[in-house]
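As a plain string of letters, each chain reads:
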Amino acid sequence: MKTLALVNQKGGSGKTTAALNLAAALAELGRRVLVVDTDRQASAHRWAMARDGAAPRPVHRLPVEDEGGARHFSAELRRLAAGRRAGIVLVDCPPGLPTAAIAALLVADLALIPVTPSPLDLWALEDALGMVAEARKARGGKLPRVGLVPSRLIAGTTLARDLPETLESFGEPVAPSIGQRIAIAESAIAGQTIGEYQPGSKGHEEFQALARWTVEAVKGGP
Ligand SMILES: Nc1ncnc2c1ncn2[C@@H]1O[C@H](COP(=O)(O)OP(=O)(O)OP(=O)(O)O)[C@@H](O)[C@H]1O
Ligand SMILES: [Mg+2]
């Protein structure tokens, strides 16, 4: 089982959107995926429930609000993944208080950090990478690996063009970018993934590229 954590203390960077659309794109590649929603706002879980009549999505709520919850997190994840026979677990973390993110980073193979083109996000990225460094130290190795995901890029803007290069300077691998697309926001409102809402669209292709990148990034041992 491989565990991917979507983390960023900064709100609205695209963690939940990435968790759900990446899960769908990984499923397209034939992977059995489970999304674990650790956010008390339960956005991922609500999105999964927004589909009238359709088969339930593999999204499970597991809020981590205190040290106790964090202590049982790893065992709970394994139990949930085994129950679903999931090969990949995607953990969607909340913004703000870092308890859930720390718990997720202590078990994750890969931390995906969506970053939008804003100085606020770059400062938050320093915090997130600080947490990754702590987790690596606690685990005595190189895990979690990191993928910086340029997120919500507005086409044709200098900020969007420069972000991937700016992210390179943080010394961690940079994943394929996700554009700011109306269809991605609309698909969430409809309780769908971009691949369901607009199959073959640019947004769908972006998440497919991110899924392929992710599969490569978690290949092999630590
Ligand atoms: N690529 C995108 N294109 C268009 N809209 C997007 C995109 N990514 C995210 N959004 C929209 O931006 C808002 C924030 O996205 P999302 O909820 O995924 O961020 P988050 O990091 O999970 O936020 P939080 O920190 O509050 O959990 C949502 O309204 C979502 O629909
Ligand atoms: Mg979220």
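Residues numbered from 1 in each chain as written. Chains lettered and ligands numbered in written order. Predicted model: local features only at pLDDT ≥ 70, side-chain atom pairs only at ≥ 80, totals over all residues.

1. Remarks on the pairing of strand β5 (residues 110–115)
A large share of β5 lies buried, amounting to six of its six residues. What you see with β5 is no split at all: Leu-110, Leu-112 and Pro-114 on one side and Ala-111, Ile-113 and Val-115 on the other are buried throughout. Strand direction decides the pairing type here: β5 and strand β6 (residues 145–150), joined by six bridges, are parallel. Note that in β6 the partner of Ala-111 across the bridge is Val-146. (Buried ≥ 20, exposed ≤ 12 C-beta atoms within 10 Å, placed from the backbone. Helix = DSSP H or I, 4+ residues; strand = E, 2+ residues; numbered from the N terminus. Pairing = 2+ DSSP bridges.)

2. Focus: the sheet that holds strand β1 (residues 2–6)
In space, the six strands of this open sheet follow the order β3-β2-β4-β1-β5-β6, with parallel pairing throughout. The open sheet has two edge strands with one neighbour each: β3 (59–61) and β6. Each strand axis lies, on average, 25° off the axis of its neighbour in the sheet, ignoring direction. For strand β2 (residues 33–37) and strand β4 (residues 88–92), the ladder comprises five bridges, and the chain directions are parallel. Note on β4: the bridge partner recorded for Val-33 is Ile-88. Its contacts with the sheet place helix α4 (residues 73–84) against β1, β2, β3 and β4, and it is angled at close to 145° to β2. (Axes fitted to C-alpha atoms, helices over the stretch in contact; angles between N-to-C directions. Contact = placed C-beta atoms within 7 Å.)

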